[in-house]
Amino acid sequence: MKIAVVGTGYVGLVTGTCFAETGNTVTCIDIDVEKVAKMKDGEVPIYEPGLELLFERNTRQGRLFFTTDLAAGVKDAQIIFLALPTPPGENGSADLSYILSVAEDLSGIITDYKVIVDKSTVPVGTAEKVEKVLSRKLDRSLFDVVSNPEFLREGVAVEDFLKPDRVVIGTSSEKAADIMRTLYKPFVMQGNPIIVMDVRSAEMTKYAANSYLAARISFMNEIANLCEKLGANVDMVRKGMGSDTRIGKRFLFPGVGYGGSCFPKDVKALSKTAEESSYDFKIIKSVMEVNDLQKKRLSQKIIAYFGKDIRDKTIAVWGLAFKPNTDDIREAPALTIIDDLLTAGADIKAFDPEAIANVEKIYGDKISFCDSPYEAVYQADALAIITEWSVFRTPDFDKIKEFLVSPVIFDGRNIYDPDVMKDLGFHYESIGRPG
Ligand SMILES: NC(=O)c1ccc[n+]([C@@H]2O[C@H](COP(=O)([O-])OP(=O)(O)OC[C@H]3O[C@@H](n4cnc5c(N)ncnc54)[C@H](O)[C@@H]3O)[C@@H](O)[C@H]2O)c1
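In short, a report on the structure.

1. As for the pattern of salt bridges
Scanning the entire structure with this criterion turns up 28 salt bridges. Residue R60 pairs with E56 through a salt bridge whose shortest N-O separation is 2.8 Å. A residue pair is termed a helical-turn pair when its members lie 3 or 4 positions apart in one helix, as R60 and E56 do in helix α3 (residues 51–60) at 4 residues. The exposure class of E56 is partly exposed, given its relative accessible area of 38%. Across the pair E228 and R297 runs a salt bridge whose closest N-O atoms are separated by 3.1 Å. Placement of the pair is E228 in helix α9 (residues 199–230) and R297 in helix α13 (residues 297–305), with a sequence separation of 69 residues. Each member of the salt-bridge network shares a partner with another, and the members are E104, R136 and K137.

Following this line, the structure appears as structure tokens:
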């Protein structure tokens, strides 16, 4: 098939590359001239494990192309994916201006039948809006609008895309559904379902899934906070809960709160949708409130430990990305924690395997950036672990102890065993576990 992907970010580039990998010819379109020039030069503009290999193979074999020219990019495509940003607007609802303006542009370009696919996360009713915009200039027989929400996780995006748990397709057009089924068939050879449903349900599915996962995180963070008060160990509670097949083991890890480009904005947008529908969605409001508080919990522990005055203290920060295996720092808890520590007067020495360049754009020389985890702890007063990159899991504790002014670790991701840390002579605080 010939496919166009409009918007070549984390979702668009992975989508385009993976469709090329199954033999389709894909043109990725972006308005970012610099980004497109890089990709044409063979450079992958984001960090995502496994992407480079596929990107290289498919560009070399002539299945993956890049352009800034929308008209040229979509000309031969049977399917046009919109993988555009849907950031929170001023009131928290999703900003649809990117989607609707591209729809407007497409309405003046399309001359033969195309399936237009909303890949972006968009509120219920968006496909109808896109359809309305397209219909202003286009005959209704020339297009179908399909909702095909994306469930990939940054950090394992390629793997998720190639082997999705399910593919959700929202459309009332049998023709469009058949085209989408054919396109996705190679990705579900092991029997995972392609679920075709009405457009509104497909749009709702994405928000329901993300908000539910965010709710699990906030719920476990509250359980962890209560464990701290009661002398229980959230690790044990998590294992005890997660072994119940009705609950499952995943997404039960307490920590420094959820971040990233999706959960915060999608939870907010669902809350806004509920509000606009005069529905008082109580749980969703608590999920957000708990998360805002949890993002401050680690800095509060650090400040409390040093007795409020941390003006002469240097804190080493390990991990800046909102989660491991990505360079994405959008809404990363690390930023809230760093802001709190800077406000309290501390100096920060930070290390992250991939995200330093992005964080540097925000803080400049307000914090120091280090080339290795050990450089960060050198002469720092404490170490704060914020992102659970694998490289932090079994470090040289003797070296850390030798380098730190005093052996103090605040672990926002519970990656070490408190008993082991005690034996090693560290003052060690984590989330929801006895110290
Ligand atoms: N990042 C994720 O993990 C993830 C997962 C599932 C769904 N989503 C959803 O997918 C959508 C895209 O997210 P993302 O993280 O890929 O965003 P992104 O910001 O990484 O990428 C968006 C791209 O669109 C480009 N763009 C903006 N306006 C354009 C236009 N008029 N024409 C062409 N290109 C244009 C930007 O230059 C950018 O490269 C969002 O709705 C998001 O909620 C994201």
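So that's the structure; there's more coming.
2. Focus on the side chain of D352
Topologically, D352 is positioned in the loop between β10 (347–351) and α15 (356–363). One buried charged residue, D352, forms no salt bridge at all, with the nearest opposite charge on R413 at 9.6 Å. A polar side-chain atom of D352 sits 3.0 Å from the main-chain amide nitrogen of A321. At a separation of 2.8 Å, a polar atom in the side chain of D352 contacts the main-chain amide nitrogen of E354. Setting aside anything within four residues of it in sequence, one finds D352 in contact with G319, L320, A321 and W389.

3. Some points on the sheet that holds β10
Pairing is parallel across the open sheet formed by 6 strands, whose spatial order is β11-β10-β9-β12-β13-β14. In this open sheet, the two edge strands, each paired with only one partner strand, are β11 (368–369) and β14 (427–429). Examined bridge by bridge, strand β9 (residues 314–318) and β10 share 5 bridges and lie parallel to one another. Opposite W318, over in β10, you have F351 as the bridge partner. Docked against the sheet, α13 engages β9, β12 (382–385), β13 (408–411) and β14, running at close to 155 degrees with respect to β13.

4. A look at the packing of aromatic side chains
Overall, the coordinates contain 20 aromatic pairs when judged by the stated rule. Taking the centre distance of 6.3 Å and the plane angle of 40 degrees together, the rings of F161 and Y184 count as tilted. Placement of F161 in helix α7 (residues 157–162) and of Y184 in helix α8 (residues 174–184) is noted, with a sequence separation of 23 residues between them. Of the two residues, F161 and Y184, both sit in the buried class.

5. Quick look at the site of the ligand
Surrounding the ligand, one finds 27 residues, the nearest of these being D30, K35, T86, E154 and K265. Here an oxygen atom of the ligand sits 2.8 Å away from a polar atom, N or O, in the main chain of V11. Between the ligand and R330 there is a distance of 3.1 Å, counted from an oxygen atom to a side-chain nitrogen or oxygen. Listing elements by their share of the shell around the ligand, those giving two or more residues are α1 (10–21) and α5 (97–107). Grouping the constituent residues of the shell around the ligand by class yields 12 nonpolar, 7 polar and 8 charged.

6. Considerations on α8
The periodicity of an α-helix, 3.6 residues per turn, causes residues three or four positions apart to be oriented the same way. By the burial criterion, the buried members of α8 are A176, A177, I179, M180, L183 and Y184. For α8, the arc enclosing every buried residue in end-on projection is 165 degrees, short of the 170-degree limit, so these residues lie on one face.

7. A word on the side chain of N58
Summarising the element assignment, N58 is placed in helix α3. A polar atom in the side chain of N58 sits 2.8 Å from the side chain of E21. In contact with N58, not counting residues within four places along its chain, are T17, A20, E21, R63 and L64.

8. Considerations on helix α11 (residues 263–276)
With 14 residues, α11 extends 20 Å from end C-alpha to end C-alpha; this agrees with the ideal 20 Å at 1.5 Å per step. For α11, the buried fraction is high: 10 of the 14 residues fall into the buried class. Along its buried surface, α11 packs onto α9 and α12 (282–294). One or two residues past the end of α11 sits S278, with phi positive at roughly 55 degrees.

What counts, and at which threshold
- Each residue is numbered by its place in its chain's sequence as written, counting from 1.
- Confidence filtering applies because this is a predicted model: local features only for residues at pLDDT of at least 70, side-chain atom pairs given and counted only at 80 or more, and all residues used for totals across whole chains, interfaces and linings.
- Based on all heavy atoms of the structure, the side-chain values leave hydrogens and waters out of the count.
- Just to be clear on terms, a salt bridge is a Lys or Arg side-chain nitrogen sitting within 4 Å of an Asp or Glu carboxyl oxygen.
- Runs of E in the DSSP output that reach at least two residues are strands. Runs of H or I that reach at least four are helices, and both are numbered from the N terminus.
- Accessibility here uses a 1.4 Å probe with only protein chains present; expressed as a share of the type maximum, an area under 20% marks a residue as buried, one over 50% as exposed, and anything in between as partly exposed.
- Charge assignment: positive for Lys and Arg, negative for Asp and Glu; neither His nor the chain ends contribute.
- Here a polar contact means two N or O atoms within 3.5 Å. Within protein one must be a hydrogen donor candidate and the other an acceptor candidate, and residues neighboring in sequence count only if both atoms are side-chain atoms.
- Note on contacts: a residue pair qualifies if any of its non-hydrogen atoms lie within 4.5 Å across the two residues.
- By definition, two strands form a pair when at least two bridges between them are found by DSSP.
- The axes are straight lines fitted to the C-alpha atoms, using for helices just the contacting stretch, and the angles between their N-to-C directions are given from 0 to 180°.
- Stacked, edge-to-face and tilted labels apply to pairs of Phe, Tyr and Trp rings (six-membered ring for Trp) whose centres lie within 6.5 Å, assigned for plane angles under 30 degrees, over 60, and everything in between, in that order.
- When at least one non-hydrogen atom of a residue lies within 4 Å of a molecule or strand, that residue is treated as near it.
- Amino acid classes used here: Ala, Val, Leu, Ile, Met, Phe, Trp, Tyr, Cys and Pro are nonpolar; Asp, Glu, Lys and Arg are charged; the rest, including Gly, are polar.
- As used here, the arc is the angular range of directions from the helix axis to the C-beta atoms.
- The span you would expect from a helix comes to 1.5 Å times its residue count less one.

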